[in-house]
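Here are the chains, one letter per residue:
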Amino acid sequence: ETGVTQTPRHLVMGMTNKKSLKCEQHLGHNAMYWYKQSAKKPLELMFVYNFKEQTENNSVPSRFSPECPNSSHLFLHLHTLQPEDSALYLCASSLGGASYEQYFGPGTRLTVT
Amino acid sequence: AQKVTQAQTEISVVEKEDVTLDCVYETRDTTYYLFWYKQPPSGELVFLIRRNSFDEQNEISGRYSWNFQKSTSSFNFTITASQVVDSAVYFCALSEASTGGFKTIFGAGTRLFVKA
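Within each chain, residues carry numbers counting from 1 in the order of the written sequence. Chains and ligands are labelled sequentially in the order written, the chains with letters from A and the ligands with numbers from 1. Only residues with pLDDT of at least 70 get local features here, since the model is predicted, and only at 80 or more are side-chain atom pairs given and counted; chain-wide, interface and lining totals rely on the full set of residues. The side-chain figures draw on all heavy atoms in the structure; neither hydrogens nor water molecules are used.

**Q** Describe the pairing of strand β8 (residues 64–69) of chain B, listing the residues and the values that go with them.
**A** Residues and elements named next belong to chain B. A simple rule labels every residue: compare its accessible area, found with a 1.4 Å probe on the protein chains alone, to the largest value its type can have, and call it buried under 20%, exposed over 50%, or partly exposed in between. Every helix listed is a DSSP run of H or I at least four residues long, and every strand listed is a run of E at least two residues long, numbered separately from the N terminus. Side chains Tyr64, Trp66 and Phe68 of β8 all project onto a buried face; the interleaved residues Ser65, Asn67 and Gln69 project onto a face where none is buried. Here the rule is simple: two strands pair whenever DSSP picks up at least two bridges between them. A loop of two residues connects strand β7 (residues 59–61) with β8, the two strands running antiparallel in sequence, and Gly62 in this loop sits at a positive phi of about 65°. As defined by bridge partners, β8 adjoins strand β9 (residues 74–79) across six bridges and the pair is classed as antiparallel. Paired with Phe68 across the two strands is Phe75, which belongs to β9. Taken together, β8 and the strand that follows it, β9, pair antiparallel across an intervening segment of four residues, in which Ser73 is found at a positive phi of about 50°.

Below, the structure is given as structure tokens:
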């Protein structure tokens with residue numbers, strides 16, 4: 001099993017649709033992260049969960065709704081998105097704490113039409 | 001406030017050339033950690049190295065080397081004898097102990113093209 005998996009890899013959705021992104025980590029980590037990567041912009045941290053508890057919400061619009069049922073799974077629920085939300089959404093996990101590196105999934109390429 | 005600056009947006013080199021990727025950071029913490037990640041075309045970021053603020057020793061791993069200088073707040077990355085497989089986007093990142101490590105800040109990235 002690869003360390004961090006994300007599904008789907010590609011997603012096209014209309015502005016009125018509801019969809020969910022899934023992330024799973026097989027590394028025994030405690031912390032999980034959602035990042036947004038847009039063209040010509042630095043990685044933007046969206047949400048962080050540590051031991052299933054949300055520790056960071058980086059002023060993300062409410063049309064993005066995270067869910068972390070356990071330390072191995074992380075979801076990002078999407079509804080009524082805007083075209084500017086089109087981006088690569090990356091999931092990552094770590095042991096938690098400043099000194100630990102993060103392990104990333106391959107990302108979901110989202111296009112909002 | 002914490003900040004990471006990678007001033008080089010894109011670098012293009014010919015195979016076997018050496019190349020240095022620059023990273024300058026800002027932080028008020030005395031305890032912090034610096035990272036380099038590689039993002040190949042496949043998309044996932046791959047961890048390369050971590051340094052903590054108390055360890056200024058340079059590190060070499062094969063063709064890769066890192067130069068950490070607190071005096072200039074820099075953590076530069078050098079690839080010796082570059083290869084086509086080194087083509088990727090490289091990110092420098094900063095994590096402060098005071099934030100518990102959950103607010104890692106990434107630089108904008110440097111896209112490296114290595115031509116055969």
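**Q** Please set out the nonpolar core residue by residue, giving values where relevant.
**A** Joining through side-chain atoms within 4.5 Å is the link that ties buried Ala, Val, Leu, Ile, Met, Phe, Trp, Tyr and Cys residues into a set, and such a set is a nonpolar core. The biggest cluster of nonpolar side chains holds 23 residues, and the ones touching the most others in it are Trp36, Phe75, Phe77, Tyr90 and Leu112 of chain B. Among the elements that line this core, the one with the most residues is strand β10 (residues 88–96) of chain B, at four residues. Trp34, Met46, Phe47 and Val60 of chain A belong to the second-largest nonpolar core, a separate cluster that totals 22 residues.

**Q** Any chance you could break down the sheet that holds strand β7 (residues 64–70) of chain A for me, citing the residues and the numbers?
**A** Residues and elements named next belong to chain A. A sheet is described by the order of its strands in space; here four strands give the open sequence β1-β3-β8-β7, paired in antiparallel fashion. A strand with exactly one partner marks an edge of an open sheet, and here the two such strands are β1 (4–7) and β7. Geometrically, the sheet is characterised by an average inter-axis angle of 15° between neighbouring strands, direction not taken into account. Here strand β3 (residues 18–25) runs beside strand β8 (residues 73–79); their pairing, made up of seven bridges, is antiparallel. Paired with Ser20 across the two strands is His77, which belongs to β8. Note on geometry: axes are C-alpha line fits, over the in-contact stretch for helices, and angles between N-to-C directions span 0 to 180 degrees.

**Q** I'd like a description of the pattern of salt bridges, backed by residues and values.
**A** Residues and elements named next belong to chain B. One side-chain nitrogen of Lys or Arg within 4 Å of one carboxyl oxygen of Asp or Glu is enough to make a salt bridge. Throughout the structure, instances matching the rule amount to six salt bridges over all chains. Its salt-bridge partner being Asp55, residue Arg51 comes within 3.2 Å of it at the nearest N-O pair. For Asp55, a relative accessible area of 25% corresponds to the partly exposed category. The network of salt bridges with common partners includes Arg51, Asp55 and Glu59.

**Q** Help me get a handle on the interface of chain B and chain A, residues and values and all.
**A** Should any heavy atoms of two residues lie within 4.5 Å, those residues are considered in contact. Opposite the 22 residues of chain B that make contact, chain A presents 24 residues. In short, buried area is how much 1.4 Å probe accessible area vanishes from two parts on joining, totalled over both. For the pair chain B and chain A, the summed buried surface comes to about 1,700 Å²; carbon and sulfur atoms form 60% of the total. Ranking the residues of chain B by area buried against chain A places Leu45, Phe102 and Phe106 of chain B at the top, with a combined share of 36%. The interface formed by chain B and chain A contains two salt bridges. Between Glu56 of chain A and Lys103 of chain B there is a salt bridge whose closest N-O contact spans 3.9 Å. Every element with two or more residues in the side of chain B that touches chain A is listed here: β5 (32–39), β6 (46–52) and β10 of chain B. It is β5 of chain B that contributes the most residues to the side of chain B that touches chain A, four residues altogether. Gly is put with the polar residues, along with every residue not named as nonpolar or charged; the nonpolar set is Ala, Val, Leu, Ile, Met, Phe, Trp, Tyr, Cys and Pro, and the charged set is Asp, Glu, Lys and Arg. Residue composition of the side of chain B that touches chain A, by class: ten nonpolar, eight polar and four charged.

**Q** Outline the environment of Ser72 of chain A, listing residues and values.
**A** All names here are of chain A. If you trace the backbone, Ser72 turns up in the loop between β7 and β8. You can call Ser72 partly exposed: its relative accessible area is 27%. Put simply, Ser72 and Ser62 are ten residues apart on the chain and 23 Å apart in space, counted from C-alpha to C-alpha. Those residues in contact with Ser72 that lie beyond four places of it in its chain are Cys23, Glu24, Gln25 and Met32.

**Q** Any chance you could break down the state of the cysteines for me, citing the residues and the numbers?
**A** Residues and elements named next belong to chain A. Two cysteine sulfurs form what is called a disulfide whenever their separation falls within 2.5 Å. Within the structure shown, the criterion is met by two disulfides over all chains. Linked covalently through their sulfurs, Cys23 and Cys91 form a disulfide whose S-S length is 1.9 Å. Every disulfide takes its handedness from the sign of the S-S torsion; for Cys23 and Cys91 that torsion is -75°, giving left-handed. Taken together, the positions of Cys23 in strand β3 and Cys91 in strand β9 (residues 87–94) put the pair 68 residues apart, joining distant regions of the chain. The exposure class assigned to Cys23 is buried, which follows from its relative accessible area of 0%. The buried category is assigned to Cys91, whose relative accessible area is 0%.

**Q** Any chance you could break down the packing of aromatic side chains for me, citing the residues and the numbers?
**A** Pairing of aromatic rings covers Phe, Tyr and Trp, the last counted by its six-membered ring, and requires centre-to-centre distances within 6.5 Å; plane angles under 30 degrees mean stacked, over 60 mean edge-to-face, and any other angle means tilted. For the structure on display, the rule yields 19 aromatic pairs over all chains. Measuring from ring centre to ring centre gives 6.2 Å for Phe104 of chain A and Phe106 of chain B, while their planes differ by 80°; the resulting arrangement is edge-to-face. Of this pair, Phe104 of chain A sits in strand β10 (residues 103–104) while Phe106 of chain B is found in strand β11 (residues 105–106), placing the two residues in two different chains. Relative accessible area serves as the criterion here: at 7%, Phe104 of chain A is assigned to the buried category.

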